[in-house]
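# Topology and contacts: notes
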Amino acid sequence: MNVDEEFSAIAKSLKASEIRELLKLTQQPDIISFAGGLPNPESFPVGKIKEILDDLLEREGPRVLQYGSTEGVNRFRDVLVKFMAERYGVHIGRDNILITAGSQQALYLLAKIFIDPGDFVVVEAPTYIGILTAFQSYRPRYVTVEMDDEGMNTHLLEETLRDMVKDGRKPKLIYTIPTFQNPAGVTMNLERRKHVLELAEEYDVLVLEDDPYGELRYSGEKLPLLKSLDKNGYVIYMGTFSKILSPGFRLAHMVADEEIIHKAVLAKQGIDLCTNTVGQFVASEYISRGYLDEHIPNIIRLYKRKRDLMLDMLDDHFPDGVKWTRPDGGMFLWVTLPPGVDAEKMFIRAVENKVAYVIGSAFFPDRDHKNTMRLNFTYPTDEQIKVGVERLAKVIKEEIS
Ligand SMILES: Cc1ncc(COP(=O)(O)O)c(C=O)c1O
């Protein structure tokens, strides 16, 4: 049977990304990869998870192994109500929370409930590749807003929204990662956070606040969530336990007005019925026993050291004309090569020199900005950071000359 003929139009439009194909090259054992986006396995609290699992299975037995409700386990949602209030000053009820299989699923659900083909979604340039994949079946059109060291330039956002409305292109959603952005590593300042909220209200457009890295701050002052500044239900917040507990649990929470949560629950029912219940019970205990508060500083210590090391190595080895961001947190920094240097063409030579990165153009819906790249500093060992940056610096110098 020629199964290709049988696929739906949507399935036919799904293509493996070239980036994934390129990243396969980086999996040879002798390559030092700054390309991944993985937490360091040293950050996983294996002992505490085992202790909690043993306790739960002994005390509650089969209950933790049962299906749960689509919204999420009540105990976990109650813990998160407290978590959102205490940590971020976001005061909500249980019905404002949906537990999802990672925030990647939350993005998919939001596309499913909000996007019709041709709708306009405003994103930062560069943006998280995962939103492009989560949204692709719903075929939105993207409008990009440039960023600088203070995050999304909200004056440009204002101009963009004004122009869109003027020529009848109603913006459907604004997607932002305000804190330690993936891929750029930059953070939106307070003034701009307030401005985003003002614009959301003025143009009556929902804001998706994706916050996987906010807890991983290594320097600078904590800033309020957009959600904590939102008085009128314009912000849909997404938090995740992937970077502070374990990505393998696939646990995230979407926080929004009840009618949005309700619609997302209906969309989720058809996908997986419920999110992994064992993980939700474990995470509830992990937070309630105070382990999360104890453990986050350990992750921060580990990653701060790696961030500082990578920045020192870049300062010492990268040639003049190359710029990079100095992230206060998160997992990535963003490198801009001199104009005309093509990071995509350079990639093959980097791999030959046993070092890898992600090509920056992958993070732009229109695949421009060829002279950029993303580097991850959380996964490689300290030694790999040192050797890998030296290798990359050599490749860049050769490319420039
Ligand atoms: C900005 C952003 N959003 C969402 C995700 C998805 O995270 P998860 O599905 O593991 O919660 C990631 C993962 O790297 C990310 O960087």
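For the structure itself, consult the block above.
The structure presented is a predicted model; accordingly, all values stated were derived computationally and were not measured.

Of all six residues in strand 3 (residues 120-125), six are buried, a share of seventy percent or more. Bridge count for strand 3 against strand 4 (residues 141-148) is six bridges, and the pairing is parallel. Paired with valine 121 across the two strands is tyrosine 142, which belongs to strand 4. Traced from strand 3 through helix 6 (residues 129-135) to strand 4, the parallel crossover comes out right-handed. Bridge count for strand 3 against strand 6 (residues 171-176) is four bridges, and the pairing is parallel. Across the sheet, residue valine 123 finds its bridge partner in strand 6, namely tyrosine 175.

Contact pair helix 5 (residues 102-114) / helix 10 (residues 258-272): the axes reach a minimum separation of 9 Å and the direction vectors enclose 110°. By the angle between their directions, the pair helix 5 and helix 10 is classed as roughly perpendicular. Facing Gln105, Tyr108, Leu109, Lys112, Ile113 and Phe114 of helix 5, the residues of helix 10 in contact are Ile260, Lys263, Ala264, Ala267, Lys268, Ile271 and Asp272. A breakdown of the residues in the contact of helix 5 with helix 10 according to their chemical character gives eight nonpolar, one polar and four charged.

A word on the sheet that holds strand 7 (residues 206-210). Ordered in space as 2-9-8-7-6-3-4-5, the eight strands form an open sheet in which the pairing is mixed. Here the strands that pair on one side only, and so sit at the sheet edges, are strand 2 (97-100) and strand 5 (151-152). Relative to strand 5, strand 4 runs antiparallel, the two being bridged by two bridges. Bridge pairing links methionine 147 to methionine 152 in strand 5. Strands in contact with helix 5 are strand 2, strand 6, strand 7, strand 8 (235-240) and strand 9 (252-255); relative to strand 8, the strand with the most contacts, it is inclined by about 155°.

Another aspect to go through is the pairing of strand 7. Consecutive side chains along a regular strand alternate between the two faces of the sheet. The buried fraction of strand 7 amounts to five of the five residues, a majority that puts the element mostly inside the structure. Neither face of strand 7 is open: one carries Leu206, Leu208 and Asp210, the other Val207 and Glu209, and all of them are buried. Direction of pairing for strand 6 relative to strand 7: parallel, over a ladder of four bridges. Pairing of isoleucine 174 across the sheet is with valine 207, part of strand 7. Considered for its hand, the β-α-β crossover made up of strand 6, helix 8 (residues 190-203) and strand 7 is right-handed.

All right, on to the packing of aromatic side chains then. According to the stated counting rule, one finds 12 aromatic pairs in the structure shown. Look at tyrosine 218 and phenylalanine 377: their rings are 6.4 Å apart centre to centre, the planes differ by 75°, and that puts the pair in the edge-to-face class. Residue tyrosine 218 is found in the loop between strand 7 and helix 9 (226-229), and its partner phenylalanine 377 is found in the loop between strand 14 (372-376) and helix 14 (382-400); the two are separated by 159 residues along the sequence. On the basis of relative accessible area, phenylalanine 377 is assigned to the buried category, the value being 0%. Seen from their ring centres, phenylalanine 347 and tyrosine 357 are 5.4 Å apart, and the 85° between their planes marks the pair as edge-to-face. In this pair, phenylalanine 347 is assigned in helix 13 (residues 343-352) and tyrosine 357 in the loop between strand 12 (355-356) and strand 13 (358-359), connecting sequence segments 10 residues apart. Across the pair, exposure class does not vary: phenylalanine 347 and tyrosine 357 are buried alike. Chaining the aromatic ring pairs together yields one cluster made of Phe76, Phe83, Tyr88, Tyr237 and Phe241.

Cut-offs used in this document
Residues numbered from 1 in each chain as written. Predicted model: local features only at pLDDT ≥ 70, side-chain atom pairs only at ≥ 80, totals over all residues. Heavy atoms only, no water. Buried < 20%, exposed > 50% of the residue type's maximum accessible area, 1.4 Å probe, protein only. Helix = DSSP H or I, 4+ residues; strand = E, 2+ residues; numbered from the N terminus. Pairing = 2+ DSSP bridges. Right-handed = clockwise from strand over helix to strand, strands pointing away. Axes fitted to C-alpha atoms, helices over the stretch in contact; angles between N-to-C directions. Parallel < 35°, antiparallel > 145°, perpendicular 65-115°, else oblique. Contact = heavy atoms within 4.5 Å. Nonpolar A, V, L, I, M, F, W, Y, C, P; charged D, E, K, R; others polar. Phe/Tyr/Trp six-rings, centres within 6.5 Å; stacked < 30°, edge-to-face > 60°.

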